[in-house]
Amino acid sequence: MVKMLQYCFLIVSTIILGCTFSSSSNDSADSVRNSSEKLQDTMSYDINDTQNIQSKSDSLGPNSSDSSKSIVRKTSSNRDVRKVSGAPQYSLKDAYRNYFPIGAAVLPNQINNSKIANLITTQFSSITAANDMKPTYLQPKEGVFNFNVGDKIVSFATKNNMKVRGHTLVWPRKMPKWFYYSQGKAVGKDLLLKRIETHVNTVVQHYKGKTYCWDVVNEAIPFFGPNPLDSNKDSLYIIAGEEYFDKAFYVARKADPNAKLFYNDNGFEWKKKRDRIFEYLKKAKARGVPIDGVGMQGHWGIDGISEAYLRETIKMFSSIGLEVQITELDISIYPIRSSGKVMKAADLKSTSDAYTEQIQTKQAQIYSMIFRVCREMKGQVTGITLWSPYDWANYLTKRMGKKNYPYLFDENLQPKKSFHDVVNF
Ligand code: XIL
């Protein structure tokens, strides 16, 4: 009964909030995004990597036009009423206040749209720039730092009392192209290390005191192969060996001693990869590299991740003195793997994209298990970030060529079953 009343309350309040909106323009955000996209397009050198290009066709979802003046006041007064009546709180950030920050990765045009911005500020306590603090965006040409969009995201966060998770300083296969060359030839080790130092130092100092943590190195450890770090074509590892990894952490620590420094990666659901990451970080810590935490990206699917394995993984990293955060969580409505193999776009061709009741329920069960485990392991787990505030799933759609619904709020910014299951505990 209580649950039903809470549910009705939420539906009524979201309808009221939805009705307060009116439209206005988003031009400046779009032009910022478009110029970033152009930049990214010209920088892109890995033609197989669709993730590296932000498409011009990205939209914010069907019902996301700009608006609303009174939403903040209404939401906060509603929340006060709930608090007085002793009912559970209905925002992620309130529900998790005593646990850890709940974050969302954002695009600049999302924070410039008042309706989406309102969802972000009322629900989340932390922000990550989905793209705008990546090396290709921040230093598109050697010595030319472009903090413009990143600064806007950070000042939005500061104004709204939100934390900022910095993402990312060094991403081996996705540094700007110039990083790897000097006068038309492959860059030497010394110059490459110097460039890493300059980039990390400049960026971390610029955001000093504003970013509470940084993904210092992203996706550096391979799934397979003999080398401890990735050795794909153009990799920093080929040129500078493991030194680049250590350097990035040492420089970041010096530039902002108060920022928590993370190693961030995907594929923790694969035992082999998880164990490789574990061994690497254990050794790096043993040689004194200042790493405070590990970020599990958490791009998972409807085939889920087992509770026992998730607990074991958190415990493992925590046992070597690392905080654990889930940094890019989304639960795709499709499986990530089939018979042990990673699904490719072609494997999903004949799969229906219907977002059925059954899939919604399954997805909510996975979300609620992940959040419960993280709550129960608070202290070891220090944050969860969703890779979008709502079902804007362009990144997944592009990768798999199928419409997706991976987050806690739908395309109209309404809470989904997963949201209810995550906040009602
Ligand atoms: C993705 C963004 O979401 C896309 O918009 C962009 O086109 C490519 O990058 N791992 C990461 C994130 O660490 O930075 C990636 O973000 C997703 C995979």
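Scroll up a little and you will see the structure.
A short tour of the structure in this document, coming up. For clarity, every value in this text was computed on a predicted model and none was experimentally measured.

1. Here we look at the pattern of salt bridges
Thinking step 1. Counting across every chain of the model gives 22 salt bridges.
Thinking step 2. Residues Asp-275 and Lys-271 are paired through a salt bridge, measuring 2.7 Å at the closest nitrogen-oxygen approach. Taken together, the residues Asp-275 and Lys-271, both in helix 12 (residues 271-286) and four residues apart, mark about one turn of the helix.
Thinking step 3. Asp-275 gets classed as partly exposed once you look at its relative accessible area, which sits at 22%.

2. Focus: the packing of helix 12 against helix 13 (residues 307-319)
Angle between the axes and distance between the axes are the two parameters that describe a pair of packed helices.
Thinking step 1. It is at 10 Å that the axes of helix 12 and helix 13 come closest, and there the two elements cross at 10°. What the angle tells us is that helix 12 and helix 13 run roughly parallel. When you trace helix 12 past helix 13, the crossing you get is right-handed. Note on element contacts: helix 13 touches helix 12 through Tyr-309, Glu-312, Thr-313, Met-316, Phe-317 and Ser-319, opposite Lys-271, Arg-274, Asp-275, Ile-277, Phe-278 and Leu-281.
Thinking step 2. Split into classes, the residues belonging to the contact of helix 12 with helix 13 amount to six nonpolar, two polar and four charged.

3. With respect to helix 11 (residues 243-255)
Thinking step 1. With 13 residues, helix 11 should reach 18 Å at 1.5 Å per residue; the first-to-last C-alpha distance of 18 Å fits that figure.
Thinking step 2. Taken together, the buried positions of helix 11 are occupied by Tyr-244, Phe-245, Asp-246, Ala-248, Phe-249, Val-251, Ala-252 and Ala-255.

4. Here we look at the nonpolar core
Thinking step 1. The biggest cluster of nonpolar side chains holds 116 residues, and the ones touching the most others in it are Tyr-244, Phe-245, Leu-281 and Ile-370.
Thinking step 2. Aside from chain neighbours lying at most four places away, what touches Phe-245 is Val-217, Leu-229, Tyr-263, Tyr-280, Leu-281, Ala-284, Arg-287 and Ile-291.

5. A look at the environment of Ile-370
Thinking step 1. The topology assignment puts Ile-370 in helix 14 (residues 357-376).
Thinking step 2. The class of Ile-370 is buried, set by a relative accessible area of 0%.
Thinking step 3. Taking the C-alpha atoms as reference points, Ile-370 and Leu-329, separated by 41 residues in sequence, lie 9.9 Å from one another.
Thinking step 4. For Ile-370, the contacting residues outside a window of four places in its chain are Trp-300, Ile-305, Leu-310, Ile-326, Leu-329 and Ile-331.

6. Things to note about helix 12
Thinking step 1. Between its first and last C-alpha atoms helix 12 spans 22 Å; for 16 residues at 1.5 Å apiece the expected length is 22 Å, and the two agree.
Thinking step 2. Residues of helix 12 that are buried: Lys-273, Arg-274, Ile-277, Phe-278, Tyr-280, Leu-281 and Ala-284.
Thinking step 3. On its buried face, helix 12 is in contact with helix 11, strand 7 (260-265), strand 8 (293-296) and helix 13.
Thinking step 4. Backbone geometry just downstream of helix 12 places Gly-288 in the positive-phi region, at approximately 95°.

7. Looking at unusual backbone geometry
Thinking step 1. Residue Thr-168 is reached from His-167 by a cis peptide bond, and omega for that bond is 0°.
Thinking step 2. Within the element layout of this structure, Thr-168 appears in strand 3 (residues 163-170).
Thinking step 3. At Glu-219, a position not held by glycine, the phi torsion is positive, near 50°.
Thinking step 4. Locating Glu-219 in the fold gives a position in the loop between strand 6 (213-218) and helix 10 (236-240).

8. Focus: the pairing of strand 3
Thinking step 1. Counting buried positions along strand 3 gives seven out of eight residues, so the element sits mostly inside the fold.
Thinking step 2. Pairing analysis gives three bridges linking strand 2 (residues 126-129) to strand 3, with the strands arranged parallel. Bridge pairing in strand 3 places Ser-126 opposite Lys-163.
Thinking step 3. Judged from the four bridges that link them, strand 3 and strand 6 form a sheet pairing that is parallel. Residue pairing in the sheet places Arg-165 in a bridge with Cys-213 of strand 6.

Procedures and definitions
Residues numbered from 1 in each chain as written. Predicted model: local features only at pLDDT ≥ 70, side-chain atom pairs only at ≥ 80, totals over all residues. Heavy atoms only, no water. Salt bridge = Lys/Arg side-chain N within 4 Å of Asp/Glu carboxyl O. Helix = DSSP H or I, 4+ residues; strand = E, 2+ residues; numbered from the N terminus. Buried < 20%, exposed > 50% of the residue type's maximum accessible area, 1.4 Å probe, protein only. Axes fitted to C-alpha atoms, helices over the stretch in contact; angles between N-to-C directions. Parallel < 35°, antiparallel > 145°, perpendicular 65-115°, else oblique. Left-handed = near helix turned anticlockwise from the far one by under 90°. Contact = heavy atoms within 4.5 Å. Nonpolar A, V, L, I, M, F, W, Y, C, P; charged D, E, K, R; others polar. Expected span 1.5 Å × (residues − 1). Core = buried A, V, L, I, M, F, W, Y, C linked by side-chain atoms within 4.5 Å. Pairing = 2+ DSSP bridges.

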